[in-house]
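Listed below, chain by chain, are the residues.
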Amino acid sequence: MSAKTDVKTFFGFKGITLLCLVILYAPLIVVTLYSFNASKSITVWEGLSFHWYLDVFVGPESAKFKQAALNSFVIAIVAATLSTAIATAAATAIVRGGKFRLRTASLGLISLPLMVPEIVTAVATLIFFNSIGFTRGFLTILVAHTAFCIPFAYLPIQARMQGIEDTYEQAAMDLYATKTQAFRRVLLPLMMPGIVSGFLLAFIVSLDDFIITNFVKGAGVETLPTAIFGSVKQGLKPNIMAISTMLLAVSIMMVTISYFVSKSDNTK
Amino acid sequence: MAGGAASGGSAASDTYAKARHWLLLPSWVVVGIFVLAPVLMMMVYSFLTKEFRGGVIWEFSLSAYDQFFFDRGLFGDEPAKIDWTYIAIFWRSIWQAGAATILSLLIGFPTAYFIATRPEKNRAIWVFLITIPYWVNLLIRTVSMKFLLRDQGPLNDFLVNIGLIDTPLHIINTNLAVQLGLFYSYLPFMVLPIYASVERYNFALSEAAADLYATKWVTLRRILLPAVKPGVIAGCILVFVPSLGAFLAPDLLGGAKNFMIGSLIEEQFKGNAGNWPFGAAISMILLTMVLTILLIYARQQRQAEDLS
Amino acid sequence: MTDASQIAVDVRDAVKRYGDFTALQKISLSIRDNEFFTLLGPSGCGKTTLLRMIAGFEDVSEGGIFLYGEEIENLPPHQRPVNTVFQNYALFPHMTILDNVGFGLEMRGASKSEARRRAGEMLDLVQLSQFASRKPAQLSGGQQQRVALARALAPSPKVLLLDEPLSALDLKLRKAMQIELKHIQRETGITFIFVTHDQEEALTMSDRIAVMSAGRMQQLGAPQDIYEAPRNMFVADFIGETNLLEVSVDAIEAGRATCHLGGGHELTCNAVDEVKRGARVHMSIRPERLFLSEHPTESESLKGTIVENIFIGTDITTIIDLAEGPNFTVRTSNSDRGTKRIFEPGAQAYVNMEHGAARLLVD
Ligand SMILES: Nc1ncnc2c1ncn2[C@@H]1O[C@H](COP(=O)(O)OP(=O)(O)OP(=O)(O)O)[C@@H](O)[C@H]1O
Ligand SMILES: [Mg+2]
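All values reported here derive from a predicted model rather than from experimental measurement.

**Focus: the overall build of chain C**
Right, on to step 1. Scanning chain C from N- to C-terminus turns up eight helices and 20 strands.
Right, on to step 2. Going through the 363 residues of chain C one by one, you find that 51% of them count as buried.
Right, on to step 3. Long-range pairs, those at least 24 residues apart, make up 66% of the contacts in chain C between residues at least 6 apart in sequence.
Right, on to step 4. Carbon and sulfur atoms form 48% of the exposed surface of chain C, whose accessible area is close to 16100 Å².
Right, on to step 5. Computed over 38 positive and 48 negative side-chain charges, the separation of the two mean positions in chain C equals 5 Å.

**Some remarks on the interface of chain B and chain A**
Right, on to step 1. With 94 residues of chain B at the contact, the number on the chain A side is 100 residues.
Right, on to step 2. With both chains or domains summed, chain B and chain A bury close to 9300 Å², and 77% of this area falls on carbon and sulfur atoms.
Right, on to step 3. In this structure, Lys233 of chain A and Asp251 of chain B form a salt bridge, with 2.6 Å as the shortest nitrogen-oxygen distance.
Right, on to step 4. Along the contact surface separating chain B from chain A lie 17 residue pairs in polar contact (both at pLDDT 80 or more).
Right, on to step 5. Ranked by residue count, the leading element in the side of chain B that touches chain A is helix α1 (residues 20-45) of chain B, at 20 residues.
Right, on to step 6. Across the side of chain B that touches chain A, the residue classes tally to 67 nonpolar, 19 polar and eight charged.

**Focus: the side chain of Thr38 of chain C**
Residues and elements named next belong to chain C.
Right, on to step 1. Along the chain, Thr38 falls in strand β3 (residues 36-40).
Right, on to step 2. At 2.5 Å, the side chain of Thr38 forms a polar contact with the side chain of Ser206.
Right, on to step 3. In this structure Thr38 touches Phe194, Thr196, Ala202, Ser206, Arg208, Ile209 and Ala210, once residues within four positions along its chain are discounted.

**Digging into the site of ligand 1**
Residues and elements named next belong to chain C.
Right, on to step 1. Taken together, Tyr18, Phe21, Ala23, Ser43, Gly44, Cys45, Gly46, Lys47, Thr48, Thr49, Glu164 and His197 make up all the residues around ligand 1.
Right, on to step 2. Contact between ligand 1 and Gly46: an oxygen atom at 3.0 Å from a main-chain N or O atom of the residue.
Right, on to step 3. Here ligand 1 loses 61% of its free accessible area of 640 Å² to cover by the protein chains.
Right, on to step 4. Counting residues per element, the ones that place at least two in the shell around ligand 1 are β2 (21-32) and α1 (47-55).
Right, on to step 5. The element best represented in the shell around ligand 1 is α1, accounting for three residues.
Right, on to step 6. Residues of the shell around ligand 1, tallied by class, amount to four nonpolar, six polar and two charged.

**Some details on the sheet that holds strand β18 (residues 327-333) of chain C**
Residue and element names in this part refer to chain C.
Right, on to step 1. Spatial strand order, β15-β19-β16-β17-β18: five strands in an open sheet with antiparallel pairing. A single partner strand is all that each edge strand has here, and the edge strands are β15 (290-293) and β18. Here the average twist between neighbouring strands, direction ignored, is 45 degrees.
Right, on to step 2. Strand direction decides the pairing type here: strand β16 (residues 300-312) and strand β17 (residues 315-322), joined by eight bridges, are antiparallel. When the bridges of β17 are listed, Thr305 appears paired with Asp321.

**Here we look at the environment of Thr84 of chain A**
Residue and element names in this part refer to chain A.
Right, on to step 1. You can see Thr84 is positioned in helix α3 (residues 62-96).
Right, on to step 2. On a C-alpha basis, the gap between Thr84 and Thr146 in space is 9.0 Å, while along the polypeptide they are 62 residues apart.
Right, on to step 3. If we skip the residues at most four places from it in the chain, Thr84 touches Ala153, Ile157, Ile195, Gly198 and Phe199.

**Quick word on the pattern of salt bridges**
Right, on to step 1. On inspection of all chains with the given rule, the structure shows 28 salt bridges over all chains.
Right, on to step 2. Between Glu106 of chain C and Arg185 of chain A there is a salt bridge, with the nearest N and O atoms lying 3.2 Å from each other. With one member in each of two chains, Glu106 of chain C in helix α2 (residues 97-107) and Arg185 of chain A in helix α9 (residues 179-208) form a pair that bridges those chains.
Right, on to step 3. The residue Lys182 of chain C makes a salt bridge to Asp207 of chain C at a minimum N-O spacing of 3.5 Å. Of the two residues, Lys182 of chain C is situated in helix α5 (residues 171-188) and Asp207 of chain C in the loop between α6 (199-205) and β9 (208-213); the sequence distance between them amounts to 25 residues.
Right, on to step 4. For Asp207 of chain C, a relative accessible area of 35% corresponds to the partly exposed category.
Right, on to step 5. Taken together, the shared-partner salt bridges in this structure form one network comprising Lys16, Arg52, Glu58 and Asp59 of chain C.

What counts and how
Residues numbered from 1 in each chain as written. Chains lettered and ligands numbered in written order. Predicted model: local features only at pLDDT ≥ 70, side-chain atom pairs only at ≥ 80, totals over all residues. Heavy atoms only, no water. Helix = DSSP H or I, 4+ residues; strand = E, 2+ residues; numbered from the N terminus. Buried < 20%, exposed > 50% of the residue type's maximum accessible area, 1.4 Å probe, protein only. Contact = heavy atoms within 4.5 Å. Areas by Shrake-Rupley, 256 points an atom, 1.4 Å probe, with all protein chains shown as cover. Lys, Arg positive; Asp, Glu negative; His and termini not counted. Charge placed at Lys NZ, Arg CZ, Asp CG, Glu CD. Buried area = accessible area lost by both parts, 1.4 Å probe. Salt bridge = Lys/Arg side-chain N within 4 Å of Asp/Glu carboxyl O. Polar contact = N/O pair within 3.5 Å; in protein donor to acceptor, adjacent residues only side chain to side chain. Nonpolar A, V, L, I, M, F, W, Y, C, P; charged D, E, K, R; others polar. Near = heavy atom within 4 Å. Pairing = 2+ DSSP bridges. Axes fitted to C-alpha atoms, helices over the stretch in contact; angles between N-to-C directions.

Next comes the structure, spelled out in structure tokens:
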């Protein structure tokens, strides 16, 4: 069908889409390119080198960044695991618990961290820990991240679970499985793609978080985003671009895994 | 990151009805103690008296709100006068977030539409392309933007080299930079809901309109747009709400002159110079605004659902 | 065969309510051991609900359900020796065919190897052994259907429940599966409770049929009884094709009722206790029990004009209009073409029936 007669096609929309992609990717590509810049300055290009990557691992700031990276990953893994487990249980109750009075309220509570602006959550969490006299540090970040990540883990799990008809559990129970067995042997394996997506999303959200971490981290404890932010405040340096590029690679790896997991529907 | 409450779908299945309260308990405890209780605590703090060196004195006071709205204070000696300093910051935030939303809509709608009209097997890959940047650390994206937009940055280099401009454009530390940064931060939130509603749209309706002598643009305006309006509204809310309280884009791209709510709040908790009750009060005002928007949206959604 | 009078499933005054809505109103049924029993009725009449109550997925609002004399309505599904073939099969998509079939045995405590061995035997029974290691999605609809059957039969349930198991199959496959199901039922001697809304399927497969409508039992009986002697208008209309006429009963004498059809036409048929003289009721006459002739015959004959002939493969359907009276649909088998005349539209003819072909219905 030609563009003239096809009611679906609009002139210029394709161009805008390509522009959109350019806008989305140009900054990332530019930063990746410049992370391989041999120059000490960020403005001039002096040829390809891995200098700044080396600098990240052995340079003067390497200890700080290594510790920050370790903190970030440990927090992200633990917070994502906890929030995924909590979200899986909650989704089971919401999707398979029938109608009940607290259902809407529970859904509202679970999605609360999505509705409250992040900076407000950050302020509130800081005030809370302060008022109960809890010293800020690693643990406060972990707890805040776990709570904040629950809705992110929850959404893909709920979506997946709604797509699974309850006849599967019923068939299992009809074949003499108890409710627990039906959950473990039938429902859980079928929910797995949703659980993996939920975990990855929670992981990325935790790894990404700057604002809440910045408020509740306390002195001395840094995660990658807070360390990068602190460094950028002093001025843009090429080693930040190298770190950014590595984090970029992690993110893209995650999203690719998540894409293939969501595509590999184990019911087919 | 804002989003309406997840609906949870229809509740027909009740296989695990007996265990539901136990299954929900962990989420109640964790979200209740570490999100809901802190927000309530913050509300309490906004009515307390500030202590120098950060923190509060447990004494009821309206001075935080007073400071926000009035010069010298409503309860000061002189006649109260409205102080526009903070209101102006709020106003600027709304304006910046609104501009970013419109920018996102202008780019996001055609993009979403284009993707939704691709052959079905290609759509997933387009959506994937649009969502990848969302998965990249927001801080890194903002830093990248800062790097790209600098006076001596790659964008200016490029524009000068191809001869489009003679002298580098000054973008960084302007309102435009902040708008671009916000737009860049939340663009996928605009594209995805619009995409979802266009994909659900039945193009036979457009053909029927064309058959009745409507031009393409009239068809778009009169037939398609009303049908995909819920997606457009959802997209606008998903961009506007997080932009309103954004911290990174205004802080890194806007510089000191282009202060937004996020930075104002952050400042109240930094070091000893801060004012915790005031910070809590600003947060409360922001939260009230956001919840009002979400509430109006939710109510309209419900009405639309009741109609259909 | 075991004692045929033994009752496998006894449903006593079962009521099912969803909020204000009553899905089943005081249903009572006794399903015999070894029987192929069918629940037949239009969509939404409560067949699935009744089946799910027997399986244990819905609780009973009132009344009781007994399985071989034991009250079961309070047992959870996994404690009822009853298995189900689900409408959409509900094969576990993440397990192989063999593991699907072995699941019930494993849950009953059989070892994995024992479960596999027995599952293999069941797959032999349904002729799918070569697909044992495949996943359900890799099988055709008909094959999935047989796996679902094997899975439900593997733990040797006392009663097998089947909810429209053939509805997703194409016509040819459905016919083949009907025969296979019937065959397996005889071979295993398990009581089958089969749900369908397809009356032809019900008639060909069942030992007995319960016809349901709007949550009520309309008639229970052997296929012949239900077809030949429908009790009420719903059953006559739902099962097979029929001429439904509104008549007034003029006289009842010696077990025969004379009925007025309108336009001066009269018919006599067997009287029914519930229908009194002067009543306006419905009468049902199956089209294949009618035949056309040029002249009146010794049996009941009514004169009319041929309206049209419709060719439908094995039969020809003729519509004849009685002057000022009702229309009749007459079915003539094509194999009778040699002996029976086909009248052109517009021709005058008599429509005839044997005594007893017309039945009065209780509304
Ligand atoms: N969970 C429920 N809540 C409320 N009403 C229900 C529920 N389940 C079934 N019903 C109602 O009960 C009635 C009987 O439903 P049922 O599924 O038993 O019908 P059916 O005879 O199996 O129909 P079909 O041939 O379409 O499968 C229907 O009117 C249905 O709407
Ligand atoms: Mg049904």
